[in-house]
Amino acid sequence: MRFSSALLLLSTILYTSRTASGLGSSCSSALGGGTAASTDPYWLETITHQGTAPFNPNPSSYQVFRNVKDYGAKGDGVTDDTAAIKLVIDDLARAFVDVRVRSAAMSSGGRCGGGTCSESTLSPAIVYFPRGIYLVTAPIDTYYYTQMIGDAKNPPTLLAGSSFIGFAVIDTDPYIPNGYGAEWFTNQDNFFRSVRNLIIDLRQIPSGNQAFGLHWQVAQGTSLFNIVVEMSTASGTQHQGIFMENGSGGVITDLVFNGGHIGIEVGNQQLTVRNLTINNANIAVSNIWDWGFTFQGVTINNCQVGFAIGVGGETIATQGVGSDVIVDAVVTNTPIFIQASVASNGTLPYSLILNNIQLSGVPTAVGDANGTTILAGGTTTIASWAQGNEYSGTSDQKTWVQGNIASPNKPSVLLDSSGRIFGKAHPQYASYAVDQFISVKSQGAKGDGQTDDTSAIQNVFNQYAGCKIIFFDAGVYYVTDTISIPAGTRITGEAWSVILAGGSNFQSQGNPRVVVQAGTSGSQDVLEISDMVFSTAGPTPGAIVLEWNVHDPSGQQGAAGLWDTHIRGPGYGPADHDLDAPSITDQISVFTGRGILSESAGPVWLIGTSSEHAALYQYNLVNAQNHYIGFAQTETPYYQPVPVVPAPYSIDSTYHDPSYPSGLGSAWSMYIQSSSNILLFGAGFYSFYQNYVQTCLTPSSCQSQIFNVDSASSVTVWSVSTVGTTYQLSVNGNGVINQANNLDGFQSTFTTWTP
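Residues numbered from 1 in each chain as written. Predicted model: local features only at pLDDT ≥ 70, side-chain atom pairs only at ≥ 80, totals over all residues. Heavy atoms only, no water.

On to the overall build of the protein chain, then. Looking only at helices and strands, the protein chain features five helices and 44 strands. If one aligns the C-alpha atoms of the protein chain with their principal axes, the spans along those axes are about 65 × 65 × 50 Å. Counting across all 755 residues of the protein chain, residues that qualify as buried make up 63%. With the model as given, the accessible surface of the protein chain reaches about 24300 Å², and the carbon-plus-sulfur share is 49%. (Helix = DSSP H or I, 4+ residues; strand = E, 2+ residues; numbered from the N terminus. Buried < 20%, exposed > 50% of the residue type's maximum accessible area, 1.4 Å probe, protein only. Areas by Shrake-Rupley, 256 points an atom, 1.4 Å probe, with all protein chains shown as cover.)

In structure tokens form, the structure reads like this:
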């Protein structure tokens, strides 16, 4: 992706006015606010559903949108809806099921799940819950490529009955009974899940019974937002909001947990957590292991411990929590904010950064399980405090810090009115009526993966931009030329609708063409895109998948951006396999030239982003300003250095491609050139292979360098974890921070670096 102006990866709608002259040809006035009556159902419930899954074995009969009431659920809070939501079991999976039963709404149509299918994108589905209270007595096991969506106007409740038997109310990776720890999916490949707009109530389950609201063991391309979990506050309660023991996430945001023993228990390679509220739990966050987490916007009230940290050792066998960045937290009436399981003793493992933490009635800010106070609390504000290894400039000498550090310069354009890092939730248009949307299929687009939909889609934008929300019914929309999206447009998909580019226009590497152009140079207006996938079909060496040109209008922070939207090359598995191949062991090499190029003057928020497997780089910031990035995750192509970077592509100065010092045969994870006011608050840069072989992991020599900052840039770098690279950070192409000095488990972590 090339960004010429502002980009917000996680934001919401902030309205702007437009003159009629800037509207589509069929518009008489701008969209304005929502017109739905308070008693109207959420628009997604009543819009005509024409979505299809064109690559499903039976596309003509396959149903994408599934309202649970159409399958017999009552939602009256009295009737046991388990049999309606979880009804049909096929003979093949019957041997794996004990008290669980499959949901007809979830599983019908040959969907991927049950322990017999590891991954597939052929059968997407939305499982929709209208307003109501749905009594359940067994888990809802979720299938691959599923969005569980409740009414955004009146979120429904999943009420676990007193006789509930099973692991979690919602389970994204069920354990197979008598499977000796085997699960339905491989946790690192458990992509494409979203759960939103639900209340999960565990309070009818006896408080002494262990009960989980969600088993959220997922990988990238997943989101969990607008969820409330209600749990018992009785003494000795064993209720728990989230259990996450593994995975490679992912974003969870806008979550509230009330009561329980633990609000969220999380272990994952990396995770971005934003706008998290936990009230009246014994332990708000139990962090059992990670390579790196970023928590942005945390509120903890009346808990005993805010964060309980499981500290491990310096090897994979002793892996614990590697690094946490906690930014913009408010903690009230909680005796201990941070409690590590063991003392640090002046060395890693466990890197920690606290920034803008407001404490009230918190005697211990940072301590350990032995009762030692490392940082006293009280009623105070922690500006910036760190534990870990500090570096600066071109010096390779580390300094252990366990105390206050200099606070970064945060540009005001990146902050909200209270001085916190700006960020908003996925737009859902809850107040909008059905007649304020326009369906692309109703306007002639086919979405069948074969018909050229270029003209039909462009006509929709030309006619309705600015006065209708453009609804991409589920499908795969094949296009053969650039789609131009005018500033002022709002777009939402259904189960990750796909715009798929192919054909002769995208074949020239030397004369590339944009697939989706968001606005034109200098555009300032709303532009919102959510729940979409932009992709390519077959070899398309001349495709620039997305060019973003739209800046927020003055005074309307975060009005332009992308949410839960994914950009990929050909095939869903550019790492080393096709997610829809018969076997995940069928190795393939898929070549993608470049990841994310930003030339924006900002403000830009990259919240919970990932860029992987591009041949030249994953992130390239050139003459960029005013960026907040946290958490950023990358992987180097598994085939490199065969061929050596940049092959099979060529260096092109038009796109400010990086240089590669002698001995570096693989892609940069992040390359920062002539940029200013860049805040990197948490990153994981991983290089797992050399030509599909992992012997380079010990010692970390899969590539020599991975992250470069030039001397002309002003950057604040916090909490970077790396795997498989000798140098974790370079300046002007010269390695500075050697991973051997920062062992932190499987990964190595440095806590801070300043120019």
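Next comes the rest of the description.
Turning our eyes to something else, we now look at the state of the cysteines. Evaluation of the coordinates by the stated rule reveals three disulfides. Paired through a disulfide, C27 and C467 show a sulfur-sulfur distance of 1.9 Å. Its S-S torsion of approximately -65 degrees makes the covalent link between C27 and C467 left-handed. Of this pair, C27 sits in the loop between β1 (2-3) and α1 (43-46) while C467 sits in the loop between α5 (454-464) and β25 (469-472), placing them 440 residues apart in sequence. Across the pair, exposure class does not vary: C27 and C467 are buried alike. Put simply, C696 and C702 are joined by a disulfide, and their sulfur atoms are 2.0 Å apart. The disulfide joining C696 to C702 has a torsion of about 85 degrees about its S-S bond and is therefore right-handed. Across this residue pair, the class does not change: C696 and C702 are buried. Disulfides within the protein chain link the bonded cysteines, taken in sequence order, as 1-4, 2-3, 5-6. (Disulfide = S-S within 2.5 Å.)

Let's shift gears to the pairing of strand β13 (residues 239-244). With six of six residues buried, β13 is to be regarded as a mostly interior element. Looking at chain direction, strand β11 (residues 211-215) and β13 are connected through four bridges and run parallel. Pairing of H215 across the sheet is with F243, part of β13. Two elements, β13 and strand β15 (residues 262-279), share four bridges in a ladder whose sense is parallel. Considered in β15, the bridge of M244 is made with V266. (Pairing = 2+ DSSP bridges.)

You can see Q436 is positioned in the loop between β22 (399-404) and β23 (437-439). Setting aside anything within four residues of it in sequence, one finds Q436 in contact with L31, G33, G34, T35, A36, S431, K468 and I469. (Contact = heavy atoms within 4.5 Å.)

This part is about the nonpolar core. Within the largest apolar cluster, 68 residues are counted, with the highest numbers of intra-cluster contacts made by F129, I242, F307, I326, F337, I338 and L354. Here this core gets seven residues from one element, more than from any other, and that element is strand β20 (residues 351-368). (Core = buried A, V, L, I, M, F, W, Y, C linked by side-chain atoms within 4.5 Å.)

Backbone torsion omega between L348 and P349 reads 15 degrees, so that peptide bond is classified as cis. Note that P349 resides in the loop between β19 (336-340) and β20. Cis geometry is found at the peptide bond from A647 to P648, where omega equals 5 degrees. Looking at where P648 falls in the secondary structure, it is placed in the loop between β37 (625-635) and β38 (668-673). Within the chain, N197 stands out as a residue other than glycine whose phi angle is a positive 65 degrees. Inspection of the secondary structure assignment puts N197 in strand β10 (residues 193-201). In the Ramachandran plot, N356 falls in the positive-phi region, its phi being about 55 degrees despite a non-glycine side chain.

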